[in-house]
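Overview (structure and organization)
Next come the chains, spelled out residue by residue.
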Amino acid sequence: MYDILETDLSFEYLNKISQIKNTVIIGGWTTYFYVNENYRKAFGVDYLKSRDIDVFVSSKHLDEYIKEIKKLGFIQSAYFFRYELIYSRSKNRIITEKESKKQPIHDLVYIFLDLFTDKKSEKAWNINAFDKLKIFNIEKIDTVDIDTLLELKCVSFFEREKLDKEFKDACDIYTLLIYSGKKFKVTKNIQSSIEKIIKRRDLCEFIAENVLRDITKVNIVISTLQNLLK
């Protein structure tokens, strides 16, 4: 789905970020950690990797945390909650913002780190779902619990402005429901997300091609999701 260089760089820095105290990984990478073992058993390959890194940090640790990610080279991006690294394909390294202005856009890879927290802040995005956060450790990486993750995915699924992120959310929701090994209670948010996917042929085809690895299996996607609503 994404350029392999983008996902490889994201994964590299995800591992560096996860070593910072008080890091809790959320978003697409958390989906990857929850489903990848079962997904590999089913298809023999890894599940879809992510391009962006989403992190929850408690508000009481936020200032110190930002200092730590800046040590890794992250700089403030266009949004108050977003930080970024800029990688040059031709130079094969992370470059400064000043250097990036001299490079053609196709040469640049952006690694985005979005920060979320539990209280209103000018440095991170506040989400109420983190009021009672449960942390689950996978492969020595602290992640949000799977129930909260799926609810967050369902919420973001209706807020996406870019099609690639909407399509990735649809894949993540489907894969969490089918390949995580957990039986979820179908909440209102989950039901709404399933109904949205079923109604959108483009989403179902994308899931068939990128999750089931065969676009002709689109009807399997639809019937599988319909069965969850019964």
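Residues numbered from 1 in each chain as written. Predicted model: local features only at pLDDT ≥ 70, side-chain atom pairs only at ≥ 80, totals over all residues. Heavy atoms only, no water.

**Re the packing of aromatic side chains**
Spelled out, the test is: Note on aromatic contacts: the rings of Phe and Tyr and the six-membered ring of Trp form a pair at centre separations within 6.5 Å, being stacked when their planes are under 30 degrees apart, edge-to-face when over 60 apart, and tilted otherwise. For each residue, the accessible area found with a 1.4 Å probe, counting protein chains only, is set against the maximum for its type, and the residue is called buried under 20%, exposed over 50%, and partly exposed in between. Helix and strand labels come from DSSP, where a helix needs a run of H or I of at least four residues and a strand needs a run of E of at least two; each type is numbered from the N terminus. Working rule: Lys NZ or Arg CZ, within 6 Å of ring centre, within 35 degrees of ring normal, means a charge sits over the ring.
Summed over all chains, the structure comprises 18 aromatic pairs. For the pair Tyr-79 and Phe-81, a centre-to-centre distance of 5.6 Å together with 20° between the ring planes defines the contact as stacked. A residue is classified by how much of its surface remains accessible, and Phe-81, at 12% relative accessible area, is buried. Taking the centre distance of 5.8 Å and the plane angle of 25° together, the rings of Phe-80 and Trp-125 count as stacked. Here Phe-80, found in the loop between strand S3 (75-76) and strand S4 (82-88), pairs with Trp-125, found in strand S7 (residues 125-126); they are 45 residues apart in sequence, far enough to count as distant. Judged by relative accessible area, which is 34%, Phe-80 ranks as partly exposed. Aromatic rings pair up to connect Tyr-79, Phe-80, Phe-81, Phe-116 and Trp-125 into one cluster. Lying over the aromatic face of Tyr-13, Lys-16 brings its terminal NZ or CZ to 4.3 Å of the ring centre.

**Some details on the confidence of the model for the protein**
Heads up, the condition is: Every residue carries a pLDDT, the predictor's confidence in it, which falls somewhere between 0 and 100.
Per-residue confidence for the protein gives a mean pLDDT of 94, with 99% of residues at or over 70. Predicted confidence in the protein is weakest over S7, with a mean pLDDT of 90, and strongest over helix H9 (residues 218-228), with 98.

**Remarks on unusual backbone geometry**
Positive phi, normally seen in glycine, also occurs at Asn-92, with a value near 60°. The topology assignment puts Asn-92 in the loop between S4 and strand S5 (93-95).

**So, a nonpolar patch on the surface**
Rules: Residues form patches when they are more than 30% accessible in relative terms and have no salt bridge. Like charges link within 9 Å. Nonpolar side chains (Val, Leu, Ile, Met, Phe, Trp, Tyr) link within 5 Å. Only the protein chains shown count as cover for residues, with accessible areas throughout obtained via the Shrake-Rupley method and a probe of 1.4 Å. Any carboxyl oxygen of Asp or Glu that lies within 4 Å of a side-chain nitrogen of Lys or Arg is treated as forming a salt bridge with it.
A contiguous nonpolar surface patch, about 190 Å² in accessible area, is contributed by Val-186, Leu-228 and Leu-229. Mapped onto the fold, Val-186 is located in the loop between helix H6 (163-179) and helix H7 (188-199).

**Remarks on the pairing of S4**
We count it as follows: Strand pairing requires that DSSP identify at least two bridges connecting the strands.
Burial of S4 is extensive: 7 of the 7 residues sit out of reach of the surface. Across the two faces of S4 the burial is the same, with Arg-82, Glu-84, Ile-86 and Ser-88 and Tyr-83, Leu-85 and Tyr-87 all buried. With 2 bridges connecting them, S3 and S4 associate as antiparallel partners. The residue bridging Ile-75 from the neighbouring strand is Glu-84, located in S4. In textbook terms, the turn of a hairpin is the stretch between consecutive antiparallel strands, and for S3 and S4 this stretch comprises 5 residues. As paired elements, S4 and strand S6 (residues 108-117) share 7 bridges and run antiparallel to each other. Bridge assignment links Leu-85 to a residue of S6, and that residue is Ile-111. As judged from the 3 bridges shared by S4 and S5, these two strands associate in the antiparallel manner. By the bridge assignment, Ser-88 is partnered in S5 with Arg-93.

**Details of the layout of surface pockets**
Our working definition: Cavities and pockets are defined on a 1 Å grid built over the protein atoms alone: a cavity is a set of grid points where a 1.4 Å probe fits but cannot escape, while a pocket is an open set with protein on both sides within 12 Å along at least five of seven lines, and lining residues are those with an atom within 4 Å of any such point. Grid points are joined across faces, edges and corners, and a volume is the space filled by probe spheres set on the points. Throughout, the ten residues Ala, Val, Leu, Ile, Met, Phe, Trp, Tyr, Cys and Pro are labelled nonpolar, Asp, Glu, Lys and Arg are labelled charged, and all others, Gly among them, are labelled polar.
What the largest pocket holds in volume is close to 990 Å³. Arg-82, Asp-114, Phe-116, Ser-156 and Arg-160 are the residues nearest the centre of the largest pocket, which is lined by 30 residues in total. The set of elements that each furnish at least two residues to the lining of the largest pocket consists of S6, helix H5 (146-157) and H6. Reported here for the second largest pocket is a volume of approximately 260 Å³. Together, 13 residues line the second largest pocket, and Met-1, Tyr-2, Tyr-47, Leu-48 and Lys-49 are the ones closest to its centre. Listing elements by their share of the lining of the second largest pocket, those giving two or more residues are helix H1 (4-18) and helix H8 (201-210). Considering only residue class, the lining of the second largest pocket consists of 6 nonpolar, 2 polar and 5 charged.

**Notes on the side chain of Ser-58**
Stated precisely, the cut-off is as follows: Residues count as neighbours in contact if any of their non-hydrogen atoms are within 4.5 Å of one another.
Note on placement: Ser-58 falls in the loop between strand S2 (53-56) and helix H3 (62-71). Judged by its relative accessible area of 15%, Ser-58 falls in the buried class. Those residues within four positions of Ser-58 in sequence are excluded, and the remaining contacts are Thr-117 and Asp-118.

**Considering the nonpolar core**
Going by this rule: What is meant by a nonpolar core is a set of buried Ala, Val, Leu, Ile, Met, Phe, Trp, Tyr and Cys residues, joined one to another through side-chain atoms within 4.5 Å.
Ile-53, Val-55, Leu-113, Leu-115, Ile-197 and Val-211 are the most contacted members of the largest nonpolar core, which totals 65 residues. Ranked by the residues each element gives to this core, the list is headed by H6, at 8 residues.

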